[in-house]
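What follows is the residue order along each chain.
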Amino acid sequence: MVQTPTQYLAQQDFEQLCLEHPDRMIERTAQGELVEVAPVGGEGSSQEADLIGDLIIWNRQTKLGKVFSSQGAFKLPFGSTRAADVAWVQLERWEALTPEQRIGFPPICPDFVIELRSQSISNGIIKPQSLAELRTKMAEYLASGLCLGWLINSHDQQVEIYRAGQAVQVVSMPTLLSGEDVLPNFELQV
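Report on the accompanying structure. (Residues numbered from 1 in each chain as written. Predicted model: local features only at pLDDT ≥ 70, side-chain atom pairs only at ≥ 80, totals over all residues. Heavy atoms only, no water.)

Right, let's get into the overall build of the protein. Across its full length, the protein holds five helices and 15 strands. Across its three principal directions, the C-alpha atoms of the protein cover 45 × 40 × 30 Å. Out of the 190 residues belonging to the protein, those deemed buried represent 44%. Taking the contacts inside the protein whose residues are at least 6 apart along the sequence as the reference set, 55% of them involve residues at least 24 apart. Each charge class in the protein was averaged separately, 14 positive and 24 negative side chains, and the resulting centres sit 2 Å apart. (Helix = DSSP H or I, 4+ residues; strand = E, 2+ residues; numbered from the N terminus. Buried < 20%, exposed > 50% of the residue type's maximum accessible area, 1.4 Å probe, protein only. Contact = heavy atoms within 4.5 Å. Lys, Arg positive; Asp, Glu negative; His and termini not counted. Charge placed at Lys NZ, Arg CZ, Asp CG, Glu CD.)

Let us now look at the pattern of salt bridges. Under the criterion given, the structure shown has ten salt bridges. Taking the shortest distance from any N to any O, the salt bridge between E140 and R82 comes out at 2.9 Å. Note that E140 is positioned in helix α5 (residues 131-144) and R82 in strand β6 (residues 81-82), a separation of 58 residues in sequence. Side by side, E140 and R82 carry an identical accessibility label, which is buried. Three or more residues are tied together by salt bridges with common partners; here these are E27, R82, E115, K137 and E140. (Salt bridge = Lys/Arg side-chain N within 4 Å of Asp/Glu carboxyl O.)

Let us now look at the layout of surface pockets. Here the largest pocket defines a volume of roughly 280 Å³. Contributing to the lining of the largest pocket are 20 residues, with M25, Q71, G72, A73 and F105 lying nearest its centre. Elements with a contribution of two residues or more to the lining of the largest pocket: α1 (11-20) and α4 (99-103). Surrounding the second largest pocket, G41, G42, E43, G44, Q47, R117, S118, Q119, P128, S154 and H155 form its lining. (1 Å grid on protein atoms, 1.4 Å probe; cavity = no way out; pocket = protein on both sides within 12 Å on 5 of 7 lines; lining within 4 Å. Points joined across faces, edges and corners; volume = space filled by probe spheres on them.)

The peptide bond linking M173 to P174 adopts the cis configuration, its omega dihedral lying at 0 degrees. Note that P174 resides in the loop between β13 (169-172) and β14 (176-178). Positioned with a positive phi, E180 is a non-glycine residue whose angle comes to about 50 degrees. Take E180: it is sitting in the loop between β14 and β15 (187-189). Accessibility expressed as a relative area gives 31% for E180, which makes it partly exposed.

Across the sheet, six strands lie side by side as β4-β7-β8-β11-β12-β13; this open sheet has mixed pairing. On the outer flanks of this sheet lie β4 (65-69) and β13, each paired with one strand and no other. Taking each pair of neighbouring strands and ignoring which way they run, the sheet shows an average axis angle of 15 degrees. Bridge analysis of β4 against strand β7 (residues 86-90) gives five bridges, and the strand direction is antiparallel. Following the sheet pairing, V67 is matched in β7 by W88. Of the strands in this sheet, β4, β7, β8 (112-116) and β11 (148-153) are in contact with helix α2 (residues 42-62), which crosses β7 at around 20 degrees. (Pairing = 2+ DSSP bridges. Axes fitted to C-alpha atoms, helices over the stretch in contact; angles between N-to-C directions.)

All right, on to the nonpolar core then. Ranked by internal contacts, the top residues of the largest apolar core, which has 22 residues, are F112, W150, I152 and V159. Breaking this core down by element, the ones donating at least two residues are α2, β7, β8, β11 and β12 (158-163). Looking at this core, the element that brings in the most residues is α2, giving four residues. Setting aside its immediate chain neighbours within four residues, I152 contacts L51, I114, E115, L116, R117, Q158, V159, M173, L188 and V190. With 18 residues, the next largest nonpolar core counts V89, L134, Y141 and L151 among its residues. (Core = buried A, V, L, I, M, F, W, Y, C linked by side-chain atoms within 4.5 Å.)

Laid out in C-alpha cells, this is it:
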C-alpha cells in the first residue's frame, strides 16, 4: 500500500476520524502522524491475497492463532496504529483480550507480520511503495513486541527478515522462508 503522510493526531482523535470516515484507509505512526494508505494495483492485491491464503491454510491445520488482513489495524504498545498486509496473533494472546478490545483496534502487537512492497498508481504514475516507510513500520512492530516479520520487496528481488532482538537479515529472491519457532512448520516460497 502506498502511504502519504497528511497530519498529526492523538490516538483518541484518530479513532474518532476512523469512525467518521470508515471508507478511508489510514494508519497512525507512533509520533501521531496520520498516514493515508492508497489502494494497491492488481498484482499487489493478488500477491497479498496469496500470502493471506497460505497463512490461513497453515493456521487452519494448526489452530495456533488468528490471521488478519490489511483491513485490520492494531493499536501497538509502541504508540502507533498499524495494519500489516498480513498479520498473525497467537491464539492464547488473542483470547486474553476482552471482546471490546477485539472489536476495535486490538491493543496488541501481532506475533508475525508480512509487509509487501506493492506498486500503486498515484497521479497517473505507477511507483513502488516507499521502502523507508515500510522499514519504519517494521521497526515500530519490533519495538512493540513483534517476534518475526517479513518485508517482501519483489521490486528489488529481496526479503528483509525481522526478528526480535536481532539485526535485519536480507535474503535474495527466490528463497524459501521459514516461520521458525513463531509459526512452526510454516514455509513460504517467494
